[in-house]
Every structure is written in structure tokens, then in C-alpha cells.
Amino acid sequence: MPIPKISTWLVIMIAALVGAPATAAPPPVYVHMNGANMFLEDVVAVKPGQDVVFVNEDTGAHTIVGFNPLTGKTSHSFNGYVAGDAPATQPTYYKISFSKPGIYHYYCSVHAMLAMEPPEHVTVAKIRPGVDGFGDPMAGVIIVTTDAAILARNPPSSHQKILANYFGG
Ligand SMILES: [Cu+2]
């Protein structure tokens, strides 16, 4: 077997480098909380394994608790707490990712509550009585998908880690 020339080896090595699979993870998708007791981007889509990072820019604490609308059961693994860091108002974070495609519902147990909705008998998040806000319960959905068309629809603010001028009270 003839020994390949150096130039041949170089071509093989460069081809191997160029053909190496991309290992860079996609950037996270961000969901922000401010003073309105809501998740600003309440529907976002990510790929399996891609991080969703909840950013609490509020001065009050929130929780992020996954639930199954069909059973009403809450999740132990999708269960976060983000302190409201008043008076310093430094953002606090909770990060989650999902390996399987699906639709993952969550709510803030401080500012919303789960209730069965007749006659459909599904569990939904509702406004917790006495909580201030814009009228919607503090809840959201994460869509885990490989569908590029759905992934492209995330709101622009979901690409920014920290939103300026969104510190609430
Ligand atoms: Cu909350």
C-alpha cells in the first residue's frame, strides 16, 4: 500500500474538521417576569434539549410549576422558584429543558391557581383571587418541537436575556 503524500493527509484532515457535527447548543429562549404578575412570553417554542430560561425582573417572587391539564397533576421535575430580589432588583433565573417533543403547561402558584374547567374537565390556570395583573392568569406553555416554522414564531423579546426598563414593583 503506497504511503499517501502529505497533501493528501491534509485534505483528509480538513475534510474531517469541516464535516464534524455541530456541537454548539442553540441559545436559550427567555421568558420574562415583570411587575404585572404575568409571563411576558407566555407561549414559546424550543427544540428538544434547548434551554428555556425564566428571568424574574420583578421585585416579587414567582414560581414556575408544570402541570398536566388532563390529570391536574403538578410536576416535581418542572418546578422552579425565582426570588424577587428587592430592593436590589437583580434578575433571578430558572432554567429547564425537555428531551421529548410535547406541550408543557406551567403556572405561577403564587399568582394563579389550578381549577377544573367544566364541562370539558380539563385543568386550567386561573387568576388567584386578590392578585393584581392584566386580567390573564399567570401561566404559560412551552412547545417542544423540531418544526422550524413553529420555532421561528417566538416573540423577539424571547431572544434577549434581560429586557431593559422591565423592572416592576
Ligand atoms: Cu407569580
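The preceding data block contains the structure.
Residues numbered from 1 in each chain as written. Predicted model: local features only at pLDDT ≥ 70, side-chain atom pairs only at ≥ 80, totals over all residues.

Draft legend 1. Examining the overall build of the protein chain more closely. The helix and strand tally for the protein chain stands at two helices and ten strands. Going residue by residue from the N terminus, the α and β elements of the protein chain occur as α-β-β-β-β-β-β-β-β-β-β-α. Across the 169 residues of the protein chain, 26% fall into the buried class. Residue pairs in contact within the protein chain that sit at least 24 positions apart in sequence constitute 66% of those at least 6 positions apart. (Helix = DSSP H or I, 4+ residues; strand = E, 2+ residues; numbered from the N terminus. Buried ≥ 20, exposed ≤ 12 C-beta atoms within 10 Å, placed from the backbone. Contact = placed C-beta atoms within 7 Å.)

Draft legend 2. Structural view of the nonpolar core. If you look at the biggest cluster of nonpolar residues, it comprises 28 residues, and the most contacted ones within it are Val31, Val44, Val46, Val52, Phe54, Tyr107 and Met138. Those elements giving two or more residues to this core turn out to be β1 (29-33), β2 (43-46), β3 (52-56), β4 (62-67), β7 (102-107), β8 (112-117) and β10 (139-144). At four residues, the largest contribution of residues to this core is made by β1. (Core = buried A, V, L, I, M, F, W, Y, C linked by C-beta atoms within 7 Å.)

Draft legend 3. Spotlight on the sheet that holds β1. Within the open sheet, the three strands sit side by side as β1-β3-β6. Their pairing is mixed. Two strands lie at the open edges of the sheet, namely β1 and β6 (92-96), each paired on one side alone. Strand-to-strand twist of the sheet, defined as the mean angle between neighbouring strand axes without regard to direction, takes the value 20°. Of the strand pairs in this sheet, β3 and β6 are connected by five bridges, and their pairing is antiparallel. Following the sheet pairing, Asn56 is matched in β6 by Thr92. (Pairing = 2+ DSSP bridges. Axes fitted to C-alpha atoms, helices over the stretch in contact; angles between N-to-C directions.)

Draft legend 4. Representation of the environment of Asp51 in the model. Topologically, Asp51 is positioned in the loop between β2 and β3. Using a count of 15 C-beta atoms within 10 Å as the deciding quantity, one classes Asp51 as partly exposed. Between the C-alpha atom of Asp51 and that of Lys95, which follows or precedes it by 44 residues, the distance is 6.4 Å. Filtering out sequence-adjacent residues up to four positions away, Asp51 remains in contact with Pro28, Lys95 and Ser97.

Draft legend 5. Local environment of the sheet that holds β10. If you walk across this open sheet you meet the five strands as β2-β10-β7-β4-β5, and the pairing is mixed. Bordering the open sheet on either side are β2 and β5 (74-82), each of which pairs with just one other strand. Recorded for the sheet is a direction-independent mean angle of 25° between the axes of neighbouring strands. Where β4 meets β5, five bridges bridge the pair, whose relative direction is antiparallel.

Draft legend 6. Layout of the pairing of β8. When β8 meets strand β9 (residues 122-127), the two strands line up antiparallel, connected through six bridges. Note on β9: the bridge partner recorded for Ala115 is Val124. The loop that links β8 with its antiparallel partner β9 comprises four residues; one of these, His121, has a positive phi angle of about 60°.

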